[in-house]
Amino acid sequence: CAAADEQSSAKLAADGTGGAIAAWNDHRSGSNFNIYAQRISPSGAALWAPDGVPLAVLPSDQIGPVLAPDGAGGAIIAWSDRRSGLSYDIYAQRLGPGGAPLWPVAGVPLCSAAFDQTIPQIVGDGSAGAIALWLDARSGTSPEVFAQRVNHAGTTQWPQDGIALSPGSN
């Protein structure tokens, strides 16, 4: 990516064909961070649109992308998203091998509970879906770790806003 302004926090995942898919924070709008991605061939050539394809371009920050291969030449990318205007939530998008979004525009919510959900991590589930986890402040006290599974079609599989992996007060 050679777009104007700042690109940062790039993450990379293998695409299953000897290349890779990268996702990053992108400040090309000049007012907030959005998420962009690019597929790279085994020889290092960019395969998608010049400067990457947008995952979420909204008038609020989307930050901290992480990604996992979907097992079909694409990837599932999760990030912290402040589109609510109040706090960060966790969203995800699946991109196909050609860079087209396979889920609704600007992604699907994995968690939109109260307070901030940040620092996502993600792993493929072996069925073109993924399991994401994140640090969650919904209790209003100590952060906890929550997780959500999303299938190949972008439908969450566990209870709304995820399940607690580390419930407790510390």
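Because the structure is a prediction, the values reported are computed rather than measured.

S.K.: Is there a simple way to think about the nonpolar core in this case?
M.R.: The nonpolar side chains of soluble globular proteins are, as a tendency, buried together. Ranked by size, the top nonpolar core spans 17 residues in total, and within it I76, A92, W103, L110, I122 and W134 carry the most contacts. Among the elements of the structure, β5 (62-69), β6 (75-81), β7 (89-95), β8 (108-111), β10 (130-136) and β11 (144-150) are those that each provide at least two residues to this core. Among all residues touching W103, those that are not within four sequence positions of it are I76, A92, Q93, R94, V108, V150, N151, H152, A153 and G154. Ranked by size, the runner-up nonpolar core spans 16 residues in total, among them I35, W48, A56 and Y91.

S.K.: It is not clear to me how the pattern of salt bridges should be interpreted in this structure. Could you clarify?
M.R.: Side chains that carry opposite charge are capable of pairing whenever their charged atoms lie near each other. Scanning the model with the defined rule gives 6 salt bridges in all. The salt bridge involving D81 is made with R83; its shortest N-O contact spans 2.8 Å. Residue classification places D81 among the buried residues on the basis of a relative accessible area of 0%. Using a relative accessible area of 29% as the deciding quantity, one classes R83 as partly exposed. Across the pair D125 and R149 runs a salt bridge, and its minimum N-O distance is 3.1 Å. Placement of the pair is D125 in the loop between β9 (117-124) and β10 and R149 in strand β11, with a sequence separation of 24 residues.

S.K.: How should I be thinking about the sheet that holds β6 in this particular structure?
M.R.: Neighbouring strands of a sheet are bound in pairs by backbone hydrogen bonds; such pairs are parallel or else antiparallel. In spatial order, the strands read β5-β6-β7-β8; together these 4 strands make up an open sheet with antiparallel pairing. Each of the sheet's edge strands pairs with one partner strand only, and the pair in question is β5 and β8. Between one strand axis and the next, the sheet turns by 30° as a mean value, whatever way the strands run. Bridge count between β6 and β7: 7 bridges; the pairing is antiparallel. Across the sheet, the residue bridging to I77 is Q93, located in β7.

S.K.: Whenever I open this one, the sheet that holds β10 confuses me. Can you help?
M.R.: As summarised here, the arrangement of the 4 strands in space is β9-β10-β11-β12, forming an open sheet in which the pairing is antiparallel. Pairing within the sheet leaves two strands with one partner each, and these edge strands are β9 and β12 (163-164). With 7 bridges joining them, β10 and β11 adopt antiparallel strand pairing. If you follow A130 over to β11, its bridge partner there is V150.

S.K.: Just to check I follow, could you spell out the packing of aromatic side chains for this structure?
M.R.: The geometry of two aromatic rings is summed up by the distance between their centres and the angle between their planes. For the coordinates displayed, the defined rule picks out 0 aromatic pairs. One cation-aromatic arrangement involves R138 over F146; the distance from NZ or CZ to the ring centre is 3.6 Å.

Analysis parameters
Residues numbered from 1 in each chain as written. Predicted model: local features only at pLDDT ≥ 70, side-chain atom pairs only at ≥ 80, totals over all residues. Heavy atoms only, no water. Core = buried A, V, L, I, M, F, W, Y, C linked by side-chain atoms within 4.5 Å. Buried < 20%, exposed > 50% of the residue type's maximum accessible area, 1.4 Å probe, protein only. Helix = DSSP H or I, 4+ residues; strand = E, 2+ residues; numbered from the N terminus. Contact = heavy atoms within 4.5 Å. Salt bridge = Lys/Arg side-chain N within 4 Å of Asp/Glu carboxyl O. Pairing = 2+ DSSP bridges. Axes fitted to C-alpha atoms, helices over the stretch in contact; angles between N-to-C directions. Phe/Tyr/Trp six-rings, centres within 6.5 Å; stacked < 30°, edge-to-face > 60°. Lys NZ or Arg CZ within 6 Å of the ring centre and 35° of its normal.

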